[in-house]
Structures are given as C-alpha cells and as structure tokens.
Amino acid sequence: MSIEAAAEVLADNLSKADFVRVYGHHDADGIASASIICHALSRLGKKYHLTIKSGINAGDVSDEVPTILCDFGSSSEDLAEDVMVVDHHLPHFSGEYHVNPRLHGIDGDNELSSSGAAFIVANRMGDNRDLCGLALLGIIGDSQTVTGKNEEIINEGIANQFITPKRGIALPGKDPAEKLYTAIDPYLSGISGDKAKALEISKPGSDAGDSPDSMLSSVILEIAGTSSLHAMQSVWGDIYEIERGVIHDAHTLAATVEGCGLSGRGGLGAALCLRSVSCTEMAEETAVSFRLNVISSLKSAKKPDENLALFEIDSPKVSGSVADILSKDLIADSPVFTVAKKDDGGYSVSARSPPCYGLNIGEFLEKLASECGGTGGGHVSRGGAAFPESGYPAFRKGIEGMSA
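What counts, and at which threshold
One numbering rule holds for all chains: residues counted from 1, following each sequence as written. With the structure being a predicted model, the display of local features is reserved for residues of pLDDT at least 70 and the display and counting of side-chain atom pairs for 80 or more, all residues being used for whole-chain, interface and lining totals. Side-chain calculation: all heavy atoms of the structure are included, whereas hydrogens and water are not. The helix and strand labels rest on DSSP assignments: H or I over at least four residues marks a helix, E over at least two residues marks a strand, and numbering proceeds from the N terminus. Based on C-alpha atoms, the radius of gyration is set beside the globule rule, defined as 2.2 Å times the residue count to the power 0.38. For this analysis, residues touch if any pair of their heavy atoms sits within 4.5 Å. Under the convention used here, a 1.4 Å probe and the Shrake-Rupley method define accessible areas, while residue burial counts only the protein chains that appear. Following DSSP output, two strands are said to pair if at least two bridges run between them. By convention a nonpolar core is built from buried Ala, Val, Leu, Ile, Met, Phe, Trp, Tyr and Cys residues, the set being connected through side-chain atoms within 4.5 Å. Partly exposed describes any residue whose relative accessible area lies between the buried limit of under 20% and the exposed limit of over 50%, with all areas from a 1.4 Å probe on protein chains only and scaled to the type maximum. UniProt positions are given in the numbering used here, feature names are shortened, and annotations may be inferred rather than shown by experiment. A pairing counts as a salt bridge when a side-chain nitrogen of Lys or Arg comes within 4 Å of a carboxyl oxygen of Asp or Glu. Residues enter patches when their relative accessible area tops 30% and they take part in no salt bridge; the joining distance is 9 Å for like charges and 5 Å for the nonpolar side chains Val, Leu, Ile, Met, Phe, Trp and Tyr. The charge count treats Lys and Arg as positive and Asp and Glu as negative. His and the chain ends do not count. Every charge is mapped to an atom, namely NZ of Lys, CZ of Arg, CG of Asp or CD of Glu. Angular values range over 0 to 180 degrees, each being the angle between N-to-C directions of two axes fitted as lines to C-alpha atoms, with helices fitted over their stretch in contact. In this scheme, roughly parallel covers angles under 35 degrees and roughly antiparallel covers those over 145, while 65 to 115 is roughly perpendicular and the rest are oblique. Left-handed describes a crossing in which the near helix is turned anticlockwise from the far one by less than a right angle; the clockwise case is right-handed. Amino acids outside the nonpolar list (Ala, Val, Leu, Ile, Met, Phe, Trp, Tyr, Cys, Pro) and the charged list (Asp, Glu, Lys, Arg) are all regarded as polar, and Gly is one of them. The handedness of a crossover follows from its direction of travel: if, with the strands pointing away from the viewer, the path from the first strand over the helix to the second runs clockwise, the crossover is right-handed.

Per an unreviewed UniProt entry, the protein goes by DHH family phosphoesterase and derives from Methanoplanus endosymbiosus.

If you want it as structure tokens, here you go:
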C-alpha cells in the first residue's frame, strides 16, 4: 500500500464523522499538521475540537469520540485500534488508520514531515491544495530537506501559485535587525541576543546595511571563529512566500508557530495556521520572547562535567532549541544533551547526535530513559526523554558509558 492509499483510508474515515477530536504536538510540525486536518474538516462542514499538547498517551483519548493524533501517536502501542494517527516518528501503533512515511519506505527524518503527511490526507478529503504552505512549516521546523515527497509538495505549490520561492536571509523576523538579534536557527555567535550589534550590522547607510549581500558578509565575519560550517551556510538560502499565510514569509511563520507552541501557547500558533489575522501581533511577540529565552538559557547553561557534552539549563521549554544550537551551530562532533528540571521535580532531556557519529539517539534514549524510570525516544539524530528526579544519577552514568 502506498502512502496515498493509506491517506485515502484515513480520509474516508474522517469524512464519515460529524465531530472529530484533533490533537497536535506542540511544535511547528505538529501544530501545522493538526491545523491542516482542521481546515479540511471545516470545509466538509464537520465540527472539531483542537488541542495542542506536548505529548499524548492512551488515557488522553476517548473511546467514544473519533480522534486523530498529529505528529505523535506512532510510538504508542496501547492506543485503541480506531484512533487515527498522522505522524513521521518510529511506528509502533498498529491501527488501521495510520499515515506515516516510514511505513512506506519514505525517510520520515528528511523527506516527509507530519504536516506533509497531513497535506496528503487533506487532499483526499477535497481540494485543499492551498494548504501546501502549512506543509512548509514541518519541513522548516523539523529541518528537513527539499527532496522526495517534500519536493513534490513544494513544486505543486509553486505550480499552483500558492508558494513563491526566493533566495535570501533565511532567518525569521519582521525586519533585518530582529532577524539577527533573535536568531536561534542558526544561532549567530556574537550577534544573537545583542540588539545593539544587530542594529549596527543592519543599519541603513552602513556598509552592511546597504544590501543583503553586504549584511551577509558582515554576519559571516562576526560568527566565523566560533560557529560551525552549518551555521554559516544556513544564514542564506531558499526562502518561500506563502500566498495564503497570515504571515507570508514561511521561515517567520514557522518560527512564530513553533515559539507559541513551545511557550505553552499552542492555541495561538494554531490560530495563525487557521488564518486568524487578529492574533498575529500577540503571536509574534510570544515567539520573539521565546527565541530570546532560548538565547538567554544557552548563555547561562552549566556544564557539570567537562568530559561530558551534558548541559544543565533553566527551562524545559527551551531544552530542544538549546540542544539544536549546541549540536548544529556551535562546533560539536559528538552527541549533545540538555537537561532541565520540570515543575514536578523530574527531568526533561533533549539530545542531538551528528550523523557522522553513528548513534541512533532515539533508540539510545528509549533504552536509557526506561532504565531511569521514565520514557524516551525520537529520531536517528534527534530525541527526548523524561524521568523522575531519582533517575538522574542513572542517566548521568548512561551518558558516561556512551562516552567511554
């Protein structure tokens, strides 16, 4: 069965329901995928209730209401068979209504996100081609490549004039200065968090501010000594204008939705995806605050053992973003772990592993978190875990064993 055939089965089941409970993961990909499904349901005259969450378990799902999970659910083995799942994580769910690229030989890390899979489902429910811009949020938010199914979706969007491709500074923000001082993907060492430096570089009339090329040169000269090749190459690249987006720049929309979701305001991010113009300013302010919090947490991170790439930070909400910076944008050649204490006293971990290291970080965390009395998992190069306070010594020992 192809992914299109699996999408047809799930779409038919959705179309039969009068009311659907929709859950989405709290990052850009999860919020976008859930919003795509909500758009498609609304256009069929169906009612829905959308909730954005950081995670899902069987106890969250009612047996009496048609339910679809977006960007999570695949890793759960105890969900009811009639739950619908659109995801791209490692699949353990065995239900009939399951759309996941990995089940069809498609690379779920790079070639199709959950929002891309949701877009395929939506187009089996009606003409929803204009939602292709939301599929971009998963590609950008999960750092996927424009290959395979992702490339097909983007090319279709361009052909239908819903997406306009360009080249430029690939950073989110309302103006050049904001793009620079709030930059976390990539992180601009010596510029991110420094508003005065960003204004100096981007000021009209300065050598750098007179053109994007000059500004790019100034940025690269500033960050070159402490940044990875990835960070330097990521400043400039492919950017996209979304015709039907309330924020037209795809990188800015993705970062705004992600910042809202990870700040605990997923409904605000979903409102943007559902094209509510009235909440745009509030969402942008929330996202900027989130990015500045990431930068602050990175700068104040503590490394309890110089021999371990383990960093203690002050907020679990920014753990994944800080881990991304440490692994991709600063110079690192081994797995990186960020750990933060949660309100309940337990710990939240985010981990990233460079492809050259040869470690499946999702599998590693799944096993280690279980030994610590918690849960974990993820992708080959990205993963997360949570465990009680009592499990922290075992976690540290597990990291030490990996490094030995």
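(A) Broad picture of the overall build of the protein. Along the backbone of the protein there are 15 helices and 12 strands. Relative to a compact globule of 404 residues, whose C-alpha radius of gyration would be 22 Å, the protein shows 21 Å and is just as compact. Counting only C-alpha atoms and orienting by the principal axes, one finds that the protein spans roughly 60 × 50 × 35 Å. Considering only contacts within the protein whose residues lie at least 6 apart along the sequence, 61% involve residues at least 24 apart. Working note: accessible area of the protein is about 16,800 Å², and carbon and sulfur atoms make up 49% of it.

(B) Region of the structure containing the sheet that holds strand S5 (residues 98–99). The parallel open sheet is built from five strands, whose spatial order is S2-S1-S3-S4-S5. Each edge of the open sheet carries a strand with a single partner, namely strand S2 (47–53) and S5. Bridge count between strand S1 (residues 19–25) and strand S3 (residues 67–70): four bridges; the pairing is parallel. What sits directly across from Arg 21, in S3, is Thr 67.

(C) Fine view of the nonpolar core. Counting 59 residues, the largest nonpolar core has Leu 10, Leu 14, Ile 68, Val 99, Val 121 and Leu 137 as its most contacted members. By residue number, the principal contributor to this core is helix H2 (residues 28–43), which donates eight residues. If we ignore the near neighbours within four places in the chain, the residues touching Val 99 are Ile 3, Ala 6, Ala 7, Leu 10, Val 85, Val 86, Asp 87, Ala 117 and Val 121.

(D) Structural view of the UniProt feature "domain: DDH" (unreviewed entry) in the protein. In this structure's numbering, the residues bearing the UniProt feature "domain: DDH" (unreviewed entry) are residues 20–139. Here residues 20–139 runs as 28% helix and 18% strand, with 26 Å between its end C-alpha atoms.

(E) Expanded view of the pattern of salt bridges. Tallied over the entire structure, the rule returns 15 salt bridges. Taking the shortest distance from any N to any O, the salt bridge between Lys 341 and Glu 389 comes out at 3.0 Å. Placement of the pair is Lys 341 in strand S9 (residues 336–341) and Glu 389 in the loop between strand S12 (382–387) and helix H15 (392–403), with a sequence separation of 48 residues.

(F) Geometry of a negative patch on the surface. On the surface, a cluster of negative charge is made up of Asp 63, Glu 64, Glu 81, Asp 82 and Glu 96. Its location among the elements puts Asp 63 in the loop between S2 and S3.

(G) Here's a closer look at the packing of H2 against helix H11 (residues 266–273). Interhelical geometry of H2 versus H11 gives an angle of 50° and a closest axis separation of 9 Å. When the axis of H2 is compared with that of H11, the two are oblique. As H2 packs across H11, the resulting crossing turns out to be right-handed. Each of Ile 31, Ala 32, Ser 35 and His 39 in H2 lies in contact with H11, whose residues at this interface are Gly 266, Gly 269, Ala 270 and Cys 273. Looking at the contact of H2 with H11, its residues break down into four nonpolar, four polar and no charged.

(H) Unusual backbone geometry, seen in detail. Cis geometry marks the peptide bond from Asp 185 to Pro 186, where omega comes out at 5°. In this fold, Pro 186 is placed in the loop between helix H6 (176–181) and helix H7 (195–202). In this model, Asp 71 sits at a positive phi of 75°, which is unusual for a non-glycine residue. Asp 71 sits in the buried class, given a relative accessible area of 2%. One non-glycine residue, Gln 161, lies in the positive phi region at around 65°. With respect to the helices and strands, Gln 161 occurs in the loop between helix H5 (148–159) and strand S6 (163–169). On the basis of relative accessible area, Gln 161 is assigned to the exposed category, the value being 62%.

(I) Broad picture of the environment of Lys 47. Relative to the helices and strands, Lys 47 resides in strand S2. Accessibility expressed as a relative area gives 62% for Lys 47, which makes it exposed. Taking the C-alpha atoms as reference, Lys 47 lies 6.5 Å from Val 20; in sequence the two are 27 residues apart. Contacts of Lys 47, omitting those with residues within four sequence positions, involve Asp 18, Phe 19 and Val 20.

(J) Focus on the side chain of Asn 150. If you trace the backbone, Asn 150 turns up in helix H5. Among the residues examined, Asn 150 registers a relative accessible area of 0% and is labelled buried.

(K) Representation of the pairing of S1. Burial analysis of S1 places six of its seven residues in the buried class, which makes it a mostly covered element. In this region the chain leaves S1, passes through H2 and returns to the parallel neighbour S2; the handedness of that crossover is right-handed.

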